[in-house]
Amino acid sequence: MAFEKFDAFISYTRQDGAPIAQRVLELLKEEGFKVWQDCTQMRGGQEFWRQIEAAIERTHTLIMVLTPDAFEGERRVLRDEWLTARRRGCRVLPVHEAETIDFDSSKLPAWLRKLDCYNLDDPNDRAKLLNDLRTTPELRKIPHTVEFPAYFVPRDKEMRAIRDALTITEGGVRIALTTALLGAGGFGKTTLAKAVCFDDDALARYTDGVLWLTVGEGTRTVPELLTALLEQLGVAPKSADADALFGEWKEALRTRQCLVVLDDVWKESDARALVVHETASAFLITTRIPRVATAVEARDCRVDEMTLTQAVSVLAAALRGFADRTRLEALANRVGHWPVLLGLIANQLRHSLKRPGATPSRAIDQVEEDLRDLSLTAFDRRDSQRRDAAVATTMEASLRYLSAGRPEAITRYRELAVFPNNVPIPLAVLESLWNVQSAEARRLAEKFDDVGLANLDYSRGLILHDVFREYLRKGWESAQLSELHSRLLAAWPNIHKLPYHYAWRWFGYHCVEAGRDDDLLAALLDFGWLTPRLAETDLASLLADCRRLREDAVPQQRAIALLRDVLEKSAHVLLVEPEQLAAQLLGVCDSASVASSTH
Ligand SMILES: Nc1ncnc2c1ncn2[C@@H]1O[C@H](COP(=O)(O)OP(=O)(O)OP(=O)(O)O)[C@@H](O)[C@H]1O
Ligand SMILES: [Mg+2]
């Protein structure tokens, strides 16, 4: 039964935990509780983890069987079960048998140490457990929307440095610092930051959850960024002004202990506008730019190329543990242990292995052949020109996989240069850009994902790495790029009835990039557009459109300044009731001046 609810989910290790889990199961069943436990419930054929996730979604309580082996080694599934339960806000009830575990062990995460444990060998504890299960707890969700990075290869030195910075104590007092992961594009900063979000010690310290914000090159304004952070905490913003929002942000953090990751920060001003000092929450920034780190007095953690062993692990994982180290080392050396290129090559290998008759050794032959054709040999990663050439070569090799039987796929891929950085591209938008049916857009996006040139998330869309986007942008003249933006705009002929959220949100961006500031100006001064624009998106992003217009390109600057002023001043109303826009515009501003400026 798909929607059956469970009174409890039992989480345990397959080794030492299994007999105790069985004991709990029997105890609870006798009392008539419905329990989910994988060995009894797992049906063949369905994907293992999805079933676990779905089961946790259907319960309020996770019973955690404590055995020493649960805290040894990687234990990814177990950790993910606990985190999924905590994200959902489940109550966690740890159980153990007498003498099976040392509860003072420093291996136990701190959040777990705070919980009462039930000793199954003690009749009072057993009765208490059953009693507690009869009450339905309030779900206490912690924010945490980060996914663990796929095919992750641990980087111990960097992880240790980040963990130390995040869990530092001075004179017995915990302090939260701002830490910056600093390194060139594609060196693995974002990937490491994601892995840190799953680190037990970090999660133990930052018990109010993990907030993740992709800041980017300036595609979003400070008020938009602060609004997004507050929303993750479930706090409704009361203002649209950067200073006031910062006050709200600071206040929200005052009573919380969160880990806040600001990913891909380019501007010092963004870092300064988002980082709160002297709070129990810690900030982790990823950036390519040292000045961004100094602007907020962050402690630096350098992220460089991978070690040879790590680089080889990235490739070996793609070849199901293929062990010819000499060959893997040679391949890793050709791309200078640069993670983003190793990732791309690993995908080429995975792709080759899917072919009938393929073997790991043949897959390496093919990839080497492609790279040889394109003359990539070991290069000096400090030389940016050589780095660009290495990106070009490796990407062109991947593009060849796209072209097999479908030459137009390469053109389609190159057209992705039109999108703002770090913004997932929904499949419907790709349909518009390419003027194809939905099935075709999906197939192409799947193909890009297959060869590692982008990541496809069916609910969010296609996600393009910035290193790839930069490469694509360099392949177009600026006039050609403007034309591409115009082509996308042409797919949205009726600006009052834009087809999806992305179009409302990014119409202004594409107008300005297409050199059509006038179209955005006309829209902003059109009541019939402003109303749905606000309803479909939010005030902060509408204000961002007002700021987007280039001053020299817009004669009606006064009207725009006035509009901005009204929107900012009425933020307290519009944030709660966006449908009040008309009344606010008419009431607050001097209607005569708007009328004169718009005609
Ligand atoms: N630890 C890792 N294990 C396996 N693959 C990795 C690892 N780190 C990075 N990669 C590969 O490198 C790619 C780029 O990494 P990532 O996005 O973390 O780089 P970045 O430093 O954040 O780049 P940018 O400066 O452009 O934001 C990943 O998509 C992945 O393929
Ligand atoms: Mg990054």
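Check the entry above for the structure.
To start, this report covers the structure provided alongside it. (Residues numbered from 1 in each chain as written. Chains lettered and ligands numbered in written order. Predicted model: local features only at pLDDT ≥ 70, side-chain atom pairs only at ≥ 80, totals over all residues. Heavy atoms only, no water.)

A few words now on the site of ligand 1. Close to ligand 1 lie 21 residues, the nearest being Lys189, Thr190, Thr191, Arg288 and His465. Contact distances for ligand 1 include 2.8 Å between a nitrogen atom and a backbone N or O atom of valine 153. With the chains in place, 87% of the 640 Å² that ligand 1 exposes on its own is no longer accessible. Secondary structure elements with two or more residues in the shell around ligand 1: α8 (189–196) and α16 (339–353). No fewer than three residues from each of domain 2 (156–302) and domain 3 (308–404) sit in the shell around ligand 1. (Near = heavy atom within 4 Å. Polar contact = N/O pair within 3.5 Å; in protein donor to acceptor, adjacent residues only side chain to side chain. Areas by Shrake-Rupley, 256 points an atom, 1.4 Å probe, with all protein chains shown as cover. Helix = DSSP H or I, 4+ residues; strand = E, 2+ residues; numbered from the N terminus. Domains from an automatic or database assignment.)

Attention now goes to the pairing of strand β10 (residues 259–265). Most of β10 is tucked away, with 7 of its 7 residues classed as buried. In this structure, strand β9 (residues 210–216) lies alongside β10, joined through 6 bridges in parallel fashion. Bridge pairing links leucine 213 to leucine 262 in β10. Here β10 pairs with strand β11 (residues 282–287) via 4 bridges, running parallel. Of the residues in β11, the one forming a bridge with leucine 262 is isoleucine 285. A crossover connection joins β10 to the parallel β11 through helix α12 (residues 268–274); in handedness this β-α-β unit is right-handed. (Buried < 20%, exposed > 50% of the residue type's maximum accessible area, 1.4 Å probe, protein only. Pairing = 2+ DSSP bridges. Right-handed = clockwise from strand over helix to strand, strands pointing away.)

Here we come to empty space enclosed by the protein. Scanning all chains against the criterion turns up 2 cavities of 30 Å³ or more. Within this model, the second largest cavity holds a volume of roughly 60 Å³. Forming the walls of the second largest cavity are Leu416, Phe419, Pro420, Asn421, Asn422, Val423, Pro424, Ile425, Ile463, Leu464 and Arg469. Classifying every residue of the lining of the second largest cavity by side-chain character gives 8 nonpolar, 2 polar and 1 charged. (1 Å grid on protein atoms, 1.4 Å probe; cavity = no way out; pocket = protein on both sides within 12 Å on 5 of 7 lines; lining within 4 Å. Points joined across faces, edges and corners; volume = space filled by probe spheres on them. Nonpolar A, V, L, I, M, F, W, Y, C, P; charged D, E, K, R; others polar.)

Now for unusual backbone geometry. Its identity is not glycine, yet tyrosine 151 carries a phi of approximately 55°, on the positive side. Positionally, tyrosine 151 belongs in the loop between α6 (123–133) and α7 (156–166).

If you add up the space inside the second largest pocket, you get close to 720 Å³. Mapped onto the lining of the second largest pocket, the elements with two or more residues apiece are β4 (91–96) and α6. When residues of the lining of the second largest pocket are assigned to their parent elements, the largest contribution, 4 residues, is made by β4. Here the lining of the second largest pocket is composed, by residue class, of 11 nonpolar, 3 polar and 11 charged. Counting contributing residues per domain, the lining of the second largest pocket is built from domain 1 (8–134) and domain 2 (156–302), each supplying no fewer than three.

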